[in-house]
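Listed below, chain by chain, are the residues.
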There are 2 protein chains.
Amino acid sequence: MKQYLKHDPWLIIEEDFHRNYNEITESVMSLGNGRMGQRGNFEENFSGKTLQGNYVAGVYYPDKTRVGWWKNGYPEYFAKVLNAANWIGIQVFIEYETLDLQTCEVRDFRRVLNMQEGYLERSFVAILKSGKQLRVNAKRFCSLVDDEAGAIRYSLTPLNFDAKITLEPYIDGTIRNRDSNYDETFWDEVRKETAYGEAYIELRTRKTGFHVCTGMGVEIEQDGIRIDFQSQPIRQEKYVANRMTLDCREGQETVLYKYAVNLSSLNYDRDHLMAEARKYIQRITGKGFDRMLMEQRQAWADQWKTNDITIEGDAAAQQGIRFCIFQLNQTYSGEDERLNIGPKGFTGEKYGGSTYWDTEAYCLPFYLATADPKVSRNLLLYRYRHLEKAIENARKLGFKAGAALYPMVTMNGEECHNEWEITFEEIHRNGAIAYAIYDYVRYTGDESYLVDYGLEVLIAISRFWSQRVNWSEARQQYVMLGVTGPNEYENNVNNNWYTSYLAAWTLRYTVEAVGRVKQLNPDKFNELCDRIHFREEKEIATARHIVEHIYLPYDENRRVFLQQESFLDKELMPASEIPKGQRPLNQHWSWDRILRSCFIKQADVLQGIYFFEDDFDQDTIRRNFDFYEPMTVHESSLSPCVHAVLASKLGLEEKAYEMYLRTARLDLDDYNNDTEDGCHITSMAGTWLAVVKGFGGFRIRDDQVILNPSCPKNWASLAFKIRFRNALLEVKVTQSEVTLQNFSDQSAPIVLFGQPLTLAGKSRKTVNRKTDSVAPDPA
Amino acid sequence: MKQYLKHDPWLIIEEDFHRNYNEITESVMSLGNGRMGQRGNFEENFSGKTLQGNYVAGVYYPDKTRVGWWKNGYPEYFAKVLNAANWIGIQVFIEYETLDLQTCEVRDFRRVLNMQEGYLERSFVAILKSGKQLRVNAKRFCSLVDDEAGAIRYSLTPLNFDAKITLEPYIDGTIRNRDSNYDETFWDEVRKETAYGEAYIELRTRKTGFHVCTGMGVEIEQDGIRIDFQSQPIRQEKYVANRMTLDCREGQETVLYKYAVNLSSLNYDRDHLMAEARKYIQRITGKGFDRMLMEQRQAWADQWKTNDITIEGDAAAQQGIRFCIFQLNQTYSGEDERLNIGPKGFTGEKYGGSTYWDTEAYCLPFYLATADPKVSRNLLLYRYRHLEKAIENARKLGFKAGAALYPMVTMNGEECHNEWEITFEEIHRNGAIAYAIYDYVRYTGDESYLVDYGLEVLIAISRFWSQRVNWSEARQQYVMLGVTGPNEYENNVNNNWYTSYLAAWTLRYTVEAVGRVKQLNPDKFNELCDRIHFREEKEIATARHIVEHIYLPYDENRRVFLQQESFLDKELMPASEIPKGQRPLNQHWSWDRILRSCFIKQADVLQGIYFFEDDFDQDTIRRNFDFYEPMTVHESSLSPCVHAVLASKLGLEEKAYEMYLRTARLDLDDYNNDTEDGCHITSMAGTWLAVVKGFGGFRIRDDQVILNPSCPKNWASLAFKIRFRNALLEVKVTQSEVTLQNFSDQSAPIVLFGQPLTLAGKSRKTVNRKTDSVAPDPA
């Protein structure tokens, strides 16, 4: 845990240069716009600790897997988001010295991520070995408006000298991925071009053949006036630059504007990629930095309008939740159904930037509640587009007749992961993908999705479940053998309650969806049946038989669901009995010891109860929470949020707050000592859940907004915004009151503390939390 | 399956050169003497398919492991037997041509491994591109008498030309291991030396620092007369040679004798290694090839006298079983307690040449019955010497108080393997090591081993079992969670019957051994208690409590032991129902499908019944055999032998013969398509078991030799030899009779077909199998 970043409601502030933490700061201060992302690296040369990172969404490389002992069915490759050409670089030479914060003295250093307006700013005074003092101010952003572009304003002011300063803004394609398995390089050069104040390089990924053209345009300003300059073109292997030498006087500000684009063959004809890049550069250069920044401010203001959360009375908490929302919005804009949300987003290479079940289980609810429904729909379509590959994946493992197993980790629909107990057995991901369809339809009311896409996916997943269970003669029930649940601290167990429950639920929901689609659009239903050879009667009968006869382990004495059938054979004890200094367990205990222990990485059963809370009464929920919570060590970043939501539901305010704290500032405080690899993007959605579904008690049920809001004791107020169908609402809760506001014209059906009410368009209502009375506010 | 090798009772014959099978033939025709081993490579250059291999016992290299996903507790290194300097090499140049069987025409090729006399012979006529015809005859052996040496007689006869022929016998240290994880080289050169007709090179292994000096002495004979020759010394990086050019006439035989040694710093002071090598070379050169070969013949004759098996009426079977015995004797001579038996012996690199549980479970009975007891004792001492490391290994995994977990795979006592489900969970190996102590004491009657070494190992292993089980409150029994049994087609199961039974047995036997040692030598017992802090009363009470309350899964309906508690939840079906073309499963099914299936790689429960057959009545054995045998796919080379033994015991002659056939010619016929990697040395001991314990019905029980011999229908007779204490016996069984012969002076207590008899020294008895009458033969 580190606490060197300053607390502020809208800014992330590093004061004084923390050299040793630089890679952490780079992760935290990453910028992105859904199409591209850039770590908080320096523009000028830096020979100290740094992890360079520029990522172009959807461009990946199949890295050869590293396996100790090969198992049939393993994939050959792990698709990884690639470090693309460095577009931010600006080399600075002051006569014979190079500006490099590692080799000079640094004063008045300040690096600030402005979350409100979406830019990164850095200022410092460098004192070179020669004694020359240079003030630098750098500001940059990845534009939300021109979302394949970034812009930089890089200003230099000599403080105690006159000199010729040489600037070399460049594009560098000689980059590598630190996370590469065999230290391979991934890019080949296709072509390059330099012109006055411009330079372009087109690279092609090996194997996958993606082309990316990175280009730049440069302008120089002195004393606030744009000047012409002599520019020497530099063309080296995978490297292009403009070099210009300027006379700089003491006290005079020289500003270099660098406009850059990353265009990929995903979106452009590769034959015209460089021409398009030139056009793009000319367009944004014409627009200019100030106007681009103004547009950026406006775009972010629009974002915040629909999804800000405000916490009064706790700056750290305020900063934490805004940081989560900011990063989620930077990572995924929802405009392109080919893209998804990697666990590290655009903030690092770790986990390859691929898609996990995190998207459906944790991120989708955030986008459902804060963005246009098309954003969530695109997340669903991403999986729909991968259905064929999921069927092929299942076929490889011995399943048939259109059964689909979605991959544990993927980029393009193919499985990337290679641990048998996960790749082949952590199959609950399939259920989360089915659940997401349900969640989307429930939230948006958009049943057309079921008709057009959802049902096809549901049938394929249900076919998988039907084949994955088997009839146990001994039990006279269906069993599901060899499973790893979300609690990855048990592997290859039999009858994991969560997975079996989810499987049965999927079968039930598929049967229901079949009925619904037949009703909504019988023609499309028949067309689907033909296309995928759906034998309705037989498959539905099988599904029903499984649902009725599935074995779900249960302890009659404690009246709790059992994580897996043999859980009670373990020595049960609370995590508080783990001796000091042995946590996290995964850094201190051997794997077999962890597996045999009762300690839980993230609680399966509670995850299931969270998904299907309406299936269980409050006492059942409480018993299971009380049984599992003490044994849970939360060594998954996705764990505490679910506990926070359930604790809130059970009125366990302190526990809910404790759980919230574990996720809220995970990266800002480098809680797990791993933020240098990148930020935990998907778990940020969990933080949002802990606030909005937890403290906020927000649900959608029966086409209504359900609210049971509370406010942690040490906060003055909590306010969050939600979009529900065409309404934009704000819920503000203080220690005494709840205020509901409807910003839209559309009225919204709400159930507040169990009382139904309709919040008319453009209206506000305040409820006293103690007296439960509903007092309409004057709008 | 390939059948290109000719059947012969004593010889393995390749006629015509099978280029594409060359690596298989090289494996099969490997030579060894327990100290060094050499694959059946060619002496002259060969640019075709070949796996060069010279292995020096005990010299290994810690190869950096390759792991996909690291788990706490994994070892960093995998110790591997190393390919050492090539000592057999002889380059042959005929004027401007190089002799290379890949590039010339080959006639009259014949490669023969003579198992009776222990040498490899090869002859051929090479027709060079120039049309020159050269007859070559090469004969070599690894000497049993001078067991760090080998000798080669390499003869050339020009058939249609006179020419200058240049010979370059060499030592080449630029070798690599094909099985290296990161393609590293393992050897550094220390020094080299050349002299007239001699050359030496001393290499040092990286990291482990073993020194090996490989040296050679050369003599030349023409027309049967030793001649002087001009020799040019060659000294290159890691390469030394003598080059000599000889006038050779048509029809004239030129013979090069090459004497070589491999001396290692395991056995010599490294400062004097090269001097010792020089002395050794001079000594054996003085002895000469013919005398060395005569000694070799005699040494092998002595071997066969004590452990030959003869099968009349089936040449393939005869060849198969002799090949097994030959290779086992070549691999381990039992003189050095630091050495052990790798799964590939000296015939290949695969599996690193390290020690597995194969040694205790399969090989020990062979050496007990065929060799001096000190050989078996040395196998036991190998593990005793590793006890400290086994305790350290267990400590790393969280066990304490002197608990020992022996490694799954090891060279020097440290764990090498890195698959969690095996490394941490396939812990039955610990039980096999305890069982071997019991087996040894039962066979030899040598209880002093228990006093001096055995009990200490037993206590440490029992401590492990006591901690590895845990009390299940739910069952009110001890359970053993997270185990992989010998059936590696189930992983991480709970309550594997075999492992739990073996654990309980170990605890029982340890309690018994404590009592015995106290009685035999109370002083040593007390000294041991002090040294290892053995709290007799408490530890014995714990052991007894576990033995009384361990959970052993059992099916009340079928009255069979259950491989693991959930076995009956699987869909049970015989292996005969596996669709054609899907076997071996491990090459056709995904790993999870194999794990979830009922199919068994090698049957756990039957392995346990085989070990502890006296604990079960014949009906119980039959029920379990009938239940498990049909589901067993025998995809471990160690599986069929156990089934063969049990089938013989149950009178299932056909099944016994079928199972015998699956192991007997595994390598000779390349049954599994993998002999090119090396021979399955440890499974050869299994073949011996199938014959001697299976058909022979041989056991040791209550200090008596138990015999229930039978003879497969298509054999005229089966005869095997056994050493029991000081007696050397032969059992010969035909379709009608059993003849027992005692070659020694010592009388032997025998129970034949349930009837006790004493076979006096130097006597013979024949029993009619039909009438059961015992008719003493005239000696």
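Residues numbered from 1 in each chain as written. Chains lettered and ligands numbered in written order. Predicted model: local features only at pLDDT ≥ 70, side-chain atom pairs only at ≥ 80, totals over all residues.

## Details of the overall build of chain A
- A count of helical and extended segments in chain A gives 20 helices and 34 strands.
- Relative to the compact-globule value of 28 Å for 779 residues, chain A shows a C-alpha radius of gyration of 27 Å, a close match.
- In terms of principal-axis extent, the alpha carbons of chain A reach across some 85 × 60 × 60 Å.
- Of all 779 residues assigned to chain A, the portion counted as buried reaches 54%.
- A fraction of 67% describes how many contacts in chain A between residues 6 or more apart in sequence connect residues 24 or more apart. (Helix = DSSP H or I, 4+ residues; strand = E, 2+ residues; numbered from the N terminus. Rg over C-alpha atoms; globule rule 2.2 N^0.38 Å. Buried ≥ 20, exposed ≤ 12 C-beta atoms within 10 Å, placed from the backbone. Contact = placed C-beta atoms within 7 Å.)

## What to know about the environment of Arg243 of chain B
Residues and elements named next belong to chain B.
- Along the polypeptide, Arg243 turns up in strand β19 (residues 239–248).
- Taking the C-alpha atoms as reference, Arg243 lies 9.0 Å from Gln91; in sequence the two are 152 residues apart.
- The residues contacting Arg243, other than those within four sequence positions of it, are Thr166, Glu168, Ser231, Gln232 and Ile234.

## Topic: the environment of Asp108 of chain B
All names here are of chain B.
- By the element assignment, Asp108 lies in strand β9 (residues 105–114).
- Sequence separation between Asp108 and Val125 is 17 residues, and the spatial gap between their C-alpha atoms is 6.0 Å.
- Once residues lying within four places of it in the same chain are set aside, the contact partners of Asp108 are Ser123, Phe124 and Val125.

## Some words on the sheet that holds strand β6 (residues 77–83) of chain B
Residue and element names in this part refer to chain B.
- In spatial order, the strands read β3-β4-β5-β6; together these four strands make up an open sheet with antiparallel pairing. Either end of the sheet is taken by a strand with one partner, and the two such strands are β3 (31–32) and β6.
- In this structure, strand β4 (residues 36–38) lies alongside strand β5 (residues 54–64), joined through three bridges in antiparallel fashion. Paired with Met36 across the bridge in β5 is Val56. (Pairing = 2+ DSSP bridges.)

## Thoughts on the confidence of the model for chain A
All names here are of chain A.
- Across chain A, the average pLDDT comes to 94, with 99% of residues at or above 70.
- Within the model, the stretch residues 775–779 combines pLDDT values under 50 with eight contacts to residues more than four positions away or in other chains.
- For this predicted complex, the interface score ipTM comes out at 0.89, while the overall pTM is 0.92. (pLDDT = per-residue confidence, 0-100.)

## Remarks on the interface of chain A and chain B
- Between chain A and chain B, the residue contacts involve 39 residues of the former and 39 residues of the latter.
- Mapped onto the side of chain A that touches chain B, the elements with two or more residues apiece are β22 (470–472) and α15 (591–596) of chain A.
- At five residues, α15 of chain A tops the list of elements feeding residues into the side of chain A that touches chain B.
- Taken together, the residues of the side of chain A that touches chain B sort by class into twelve nonpolar, 15 polar and twelve charged. (Nonpolar A, V, L, I, M, F, W, Y, C, P; charged D, E, K, R; others polar.)

## Details of the environment of Leu718 of chain A
Residue and element names in this part refer to chain A.
- Inspection of the secondary structure puts Leu718 in strand β28 (residues 717–724).
- The class of Leu718 is buried, set by 27 C-beta atoms lying within 10 Å.
- Expressed as a C-alpha distance, the spacing of Leu718 and Gln735, which sit 17 residues apart in the sequence, is 9.3 Å.

## Regarding the domain arrangement of chain A
- Domain parsing of chain A yields domain 1 (31–305) and domain 2 (717–776).
- Centre-to-centre, using C-alpha coordinates, domain 1 of chain A lies 45 Å away from domain 2 of chain A. (Domains from an automatic or database assignment.)

## Concerning the sheet that holds strand β19 (residues 239–248) of chain A
All names here are of chain A.
- Taken in spatial order, the five strands of this open sheet run β8-β7-β13-β19-β18, and their pairing is antiparallel. Edge positions in the open sheet fall to β8 (97–98) and β18 (232–236), since each of these has one partner strand only.
- Pairing of strand β7 (residues 90–94) with β8 involves two bridges; the strand directions are antiparallel. Note that in β8 the partner of Ile94 across the bridge is Glu97.

## Quick notes on the relation of the copies chain A and chain B
- By a simple turn and slide, chain A fits onto chain B: the slide is 0.0 Å along the axis, the RMSD is 0.0 Å, and the turn is 180°. Expressed as an axis order, the relation between the two copies is that of a two-fold axis. (Least-squares fit on C-alpha atoms with pLDDT ≥ 70 in both.)

## Examining unusual backbone geometry
- Pro584 of chain A follows Arg583 of chain A through a cis peptide bond whose omega is -5°.
- Its identity is not glycine, yet Asn495 of chain B carries a phi of approximately 55°, on the positive side.
- Residue placement: Asn495 of chain B occurs in the loop between β23 (477–479) and α11 (497–520).
- One non-glycine residue, Arg559 of chain B, adopts positive backbone phi at about 55°.
- Overall, Arg559 of chain B belongs to the exposed group, with 12 C-beta atoms counted inside 10 Å.

## Observations regarding the packing of helix α5 (residues 358–370) of chain B against helix α6 (residues 373–385) of chain B
All names here are of chain B.
- The N-to-C vectors of α5 and α6 enclose an angle of 160°; their axes lie 8 Å apart at closest approach. As far as their axial angle goes, α6 and α5 are roughly antiparallel. For the element pair α5 and α6, the recorded crossing hand is left-handed. Every residue of α6 that contacts α5 at Thr359, Leu364, Tyr367 and Leu368 is listed here: Val375, Ser376 and Leu379.
- The residue inventory of the contact of α5 with α6, partitioned by class, reads five nonpolar, two polar and no charged. (Axes fitted to C-alpha atoms, helices over the stretch in contact; angles between N-to-C directions. Parallel < 35°, antiparallel > 145°, perpendicular 65-115°, else oblique. Left-handed = near helix turned anticlockwise from the far one by under 90°.)

## A look at the UniProt feature "domain: Glycoside hydrolase family 65 C-terminal" (unreviewed entry) in chain A
- UniProt records the feature "domain: Glycoside hydrolase family 65 C-terminal" (unreviewed entry) for residues 698–759 of chain A in the present numbering.
- Within the segment residues 698–759 of chain A, helix and strand shares are 0% and 63% respectively, and the terminal C-alpha atoms sit 15 Å apart. (UniProt positions renumbered as here; feature names shortened; annotations may be inferred.)

## Considering helix α2 (residues 273–287) of chain B
Residues and elements named next belong to chain B.
- With 15 residues, α2 should cover 21 Å at 1.5 Å per step; its first-to-last C-alpha distance of 21 Å lies within 8% of that length.
- For α2, the full list of buried residues reads Leu273, Met274, Ala277, Tyr280, Ile281, Ile284 and Thr285. Down the axis of α2, the sector holding all buried residues measures 125°, keeping them to one side.
- In this structure, the buried residues of α2 make contact with β12 (149–158), β14 (187–195), β15 (198–205), β16 (211–222), β20 (254–264) and α3 (289–307).
- Phi for Gly288, located one or two positions after α2, is positive at around 90°. (Expected span 1.5 Å × (residues − 1). Arc of directions from axis to C-beta.)

## Points about the pairing of β20 of chain B
Residues and elements named next belong to chain B.
- Taking burial as the measure, the eleven residues of β20 include eleven buried ones, the bulk of the element.
- Residues Thr254, Leu256, Lys258, Ala260, Asn262 and Ser264 line one face of β20 and the alternating positions Val255, Tyr257, Tyr259, Val261 and Leu263 line the opposite face, and both faces are buried.
- Across eight bridges, the pairing between β12 and β20 is antiparallel. Bridging from a neighbouring strand, Gly150 pairs with Ala260 of β20.
- Note: β16 against β20, eleven bridges, orientation antiparallel.

## Some points on the packing of helix α7 (residues 387–396) of chain B against helix α10 (residues 448–468) of chain B
Residues and elements named next belong to chain B.
- Interhelical geometry of α7 versus α10 gives an angle of 10° and a closest axis separation of 11 Å. Taken together, α7 and α10 sit at an angle that is classed as roughly parallel. Across the interface between the two elements, Leu387, Ala390, Ile391 and Ala394 from α7 touch Glu456, Val457, Ala460 and Phe464 from α10.
- Looking at the contact of α7 with α10 residue by residue, the class counts come to seven nonpolar, no polar and one charged.

## Some thoughts on the nonpolar core
- Ranked by size, the top nonpolar core spans 458 residues in total, and within it Ala404 and Ala460 of chain A together with Ala404 and Ala460 of chain B carry the most contacts.
- When residues no more than four places from it in sequence are discounted, the contact partners of Ala404 of chain A are Leu387, Ala390, Ile391, Ala394, Ala460, Ile461 and Phe464 of chain A. (Core = buried A, V, L, I, M, F, W, Y, C linked by C-beta atoms within 7 Å.)

## Topic: the pairing of strand β14 (residues 187–195) of chain A
All names here are of chain A.
- Note: β14 against strand β15 (residues 198–205), eight bridges, orientation antiparallel. Pairing of Arg191 across the sheet is with Glu202, part of β15.
- Linking β14 to β15, which pair antiparallel, is a turn of two residues; within it Gly197 sits at a positive phi near 65°.

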